[in-house]
Amino acid sequence: MNKKIAIIGSGNIGLSLAKGLVKADFAQAGDIILTRRNINHLKSFAEAGFVVSNNNNQAVSNADVIILAVLPQQLNAVLDEISSSIDSKKHLVISVISGVSCVAVREKLGDDVEVIRVMPNTAIAIGQSMTCLASDNASDENIISVTKMFETVGSVVKINEDLMTSATALCACGIAFFLRAIRAASQGGVEIGFHADEALKMAVQTAKGAADLLLLHGTHPESEIDKVTSPKGCTIAGLNEMEHNGFSSSLIKGIKLSALKAGNLYTKES
Ligand SMILES: NC(=O)C1=CN([C@@H]2O[C@H](COP(=O)(O)OP(=O)(O)OC[C@H]3O[C@@H](n4cnc5c(N)ncnc54)[C@H](O)[C@@H]3O)[C@@H](O)[C@H]2O)C=CC1
Ligand SMILES: O=C(O)[C@@H]1CCC=N1
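So, how was this worked out
Residues numbered from 1 in each chain as written. Chains lettered and ligands numbered in written order. Predicted model: local features only at pLDDT ≥ 70, side-chain atom pairs only at ≥ 80, totals over all residues. Helix = DSSP H or I, 4+ residues; strand = E, 2+ residues; numbered from the N terminus. Buried ≥ 20, exposed ≤ 12 C-beta atoms within 10 Å, placed from the backbone. Contact = placed C-beta atoms within 7 Å. Near = placed C-beta within 6 Å. Nonpolar A, V, L, I, M, F, W, Y, C, P; charged D, E, K, R; others polar. UniProt positions renumbered as here; feature names shortened; annotations may be inferred. Expected span 1.5 Å × (residues − 1). Axes fitted to C-alpha atoms, helices over the stretch in contact; angles between N-to-C directions. Parallel < 35°, antiparallel > 145°, perpendicular 65-115°, else oblique. Left-handed = near helix turned anticlockwise from the far one by under 90°. Pairing = 2+ DSSP bridges.

Now for the overall build of the protein. When its secondary structure is counted, the protein shows 12 helices and eight strands. Its C-alpha atoms give the protein principal-axis dimensions of roughly 70 × 40 × 35 Å. Relative to its 270 residues, the protein shows a buried fraction of 33%. When contacts within the protein are restricted to residue pairs at least 6 apart in sequence, those whose partners lie at least 24 apart make up 64%.

Moving on: the site of ligand 2. The full set of residues close to ligand 2 is S98, T168, A172 and C173. Here the shell around ligand 2 is composed, by residue class, of two nonpolar, two polar and no charged.

Around ligand 1, 26 residues are found, and the nearest of them are G9, G11, N12, I97 and S98. Those elements giving two or more residues to the shell around ligand 1 turn out to be helix 1 (12–23) and helix 4 (72–82). At four residues, the largest contribution of residues to the shell around ligand 1 is made by helix 4.

Moving on, we come to the UniProt feature "binding site: NADP(+)" (unreviewed entry) in the protein. According to UniProt, the "binding site: NADP(+)" (unreviewed entry) feature falls on A69, V70, L71 and P72. With respect to the helices and strands, A69 occurs in the loop between strand 4 (65–68) and helix 4. Filtering out sequence-adjacent residues up to four positions away, A69 remains in contact with I7, I8, G9, S10, G11, I13, G14 and V96. With respect to the helices, strands and loops of the structure, V70 is situated in the loop between strand 4 and helix 4. Judged by local crowding, V70 falls into the buried class, with 25 C-beta atoms found within 10 Å. Setting aside its immediate chain neighbours within four residues, V70 contacts I8, G9, L75, V78 and I97.

Taking 1.5 Å per residue as the helical rise, helix 8 (residues 174–191) with its 18 residues ought to reach 26 Å, and the 26 Å between its terminal C-alpha atoms agrees with that figure. Two residues or fewer after helix 8 comes G193, characterised by a positive phi angle close to 125°.

As annotated in UniProt, the feature "binding site: NADPH" (unreviewed entry) corresponds to N56 in the numbering used here. Assignment of secondary structure puts N56 in helix 3 (residues 56–61). When the 24 C-beta atoms within 10 Å are taken as the criterion, N56 is described as buried. Those residues in contact with N56 that lie beyond four places of it in its chain are I8, T35, V78, E81 and I82.

Another point: the packing of helix 7 (residues 164–172) against helix 12 (residues 247–262). Viewed as axis vectors pointing N to C, helix 7 and helix 12 meet at an angle of 135°, and their least axial separation amounts to 8 Å. With respect to helix 12, the element helix 7 is oriented oblique. The interaxial crossing formed by helix 7 with helix 12 has right-handed handedness. On the side of helix 7, the interface is formed by T165, S166, T168, A169 and L170, while helix 12 contributes I255, S258, A259 and A262. Partitioning the contact of helix 7 with helix 12 into residue classes produces five nonpolar, four polar and no charged.

With that settled, the discussion passes to the sheet that holds strand 8 (residues 154–158). Paired through backbone hydrogen bonds, the strands of a sheet run either parallel or antiparallel to each other. The strand order across the open sheet formed by eight strands is 3-2-1-4-5-6-7-8, and the pairing between neighbours is mixed. Looking at which strands have only one partner, the edges of the open sheet turn out to be strand 3 (51–53) and strand 8. On average, adjacent strands in this sheet sit at an angle of 25° to one another, irrespective of strand direction. Bridge analysis of strand 1 (residues 5–8) against strand 2 (residues 32–35) gives four bridges, and the strand direction is parallel. Bridged to A6 within strand 2 is I33.

Next up on the list: unusual backbone geometry. Keep in mind that most residues, glycine aside, have a negative phi and that most peptide bonds are trans. Positive phi, normally seen in glycine, also occurs at D25, with a value near 65°. Within the element layout of this structure, D25 appears in the loop between helix 1 and strand 2. A residue is classified by how many C-beta atoms lie within 10 Å of it, and D25, with 9 of them, is exposed. At K232, a position not held by glycine, the phi torsion is positive, near 60°. Within the secondary structure layout, K232 lies in the loop between helix 10 (221–228) and helix 11 (234–244). For K232, a count of 7 C-beta atoms within 10 Å corresponds to the exposed category.

What follows concerns the pairing of strand 1. Alternating positions in strand 1 separate into two faces, I5 and I7 on one and A6 and I8 on the other, with burial throughout. As judged from the four bridges shared by strand 1 and strand 4, these two strands associate in the parallel manner. Directly across from A6, in strand 4, lies its bridge partner I66.

Listed below in structure tokens is the structure:
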């Protein structure tokens, strides 16, 4: 892509995205402007060729695609700051911010600005994001081009905007949920005899294998589980013990709470 990209708010997700886009050869580091209030934190990125700045307006003026990646509670100040530099004919605005509608972004930036909400996860840094995308006013052309952009760094699903907070919980927060499950498995591994480093390696590869089975076979988890659970065997014994202790229920409840929270992270007044 020969368009310039400004990432406004280069923290965890902004930097993961920047790394992923360069790794995927979608953009050159020099075509990505990273902003942050304290650019000392972006030293390694500047050394890697990214343009770094603490001037959001200058970044917006020098870019075509504006990616908003600050925290919800930091957004209003940023929108007020950049609104005069936004040109609806030139700029496409992409927001990765949880719980903020396209309408809310346009209320500050202007009615005719095209806004696309995108919900990636941190695996975007290695091209493995599950990214959900929604918009209420973007042209088909821009939806297609943003879909292609995020497909270079993972899978993309277009959803209705009202499901965006659910996507946040399942996919963006989901990274943490699965990581915690892997950590717990490795802790179990230590208790039954492995050193921590080997237990972690074993748990990680086993989790990867489980996910890949579903991706490559296109099967339902339960059908793969059926292949592991020998009658009167040790898998079903362990699995049922986990269920008696609320394994599925606790994941479901956590995802529901995260989705609820994701919908309440932003207030227009903040
Ligand atoms: N971390 C994640 O896995 C994901 C986060 N998100 C969303 O992305 C947004 C950012 O999340 P994180 O990266 O986790 O937060 P973060 O706190 O790591 O990053 C936010 C960055 O914005 C910078 N910032 C704050 N005010 C600024 C300003 N006025 N000008 C320029 N930079 C400014 C901060 O210095 C910080 O580096 C949030 O809205 C979150 O909901 C979405 C998907 C996944
Ligand atoms: O925890 C959060 O609020 C952000 C949104 C999705 C992932 N991290």
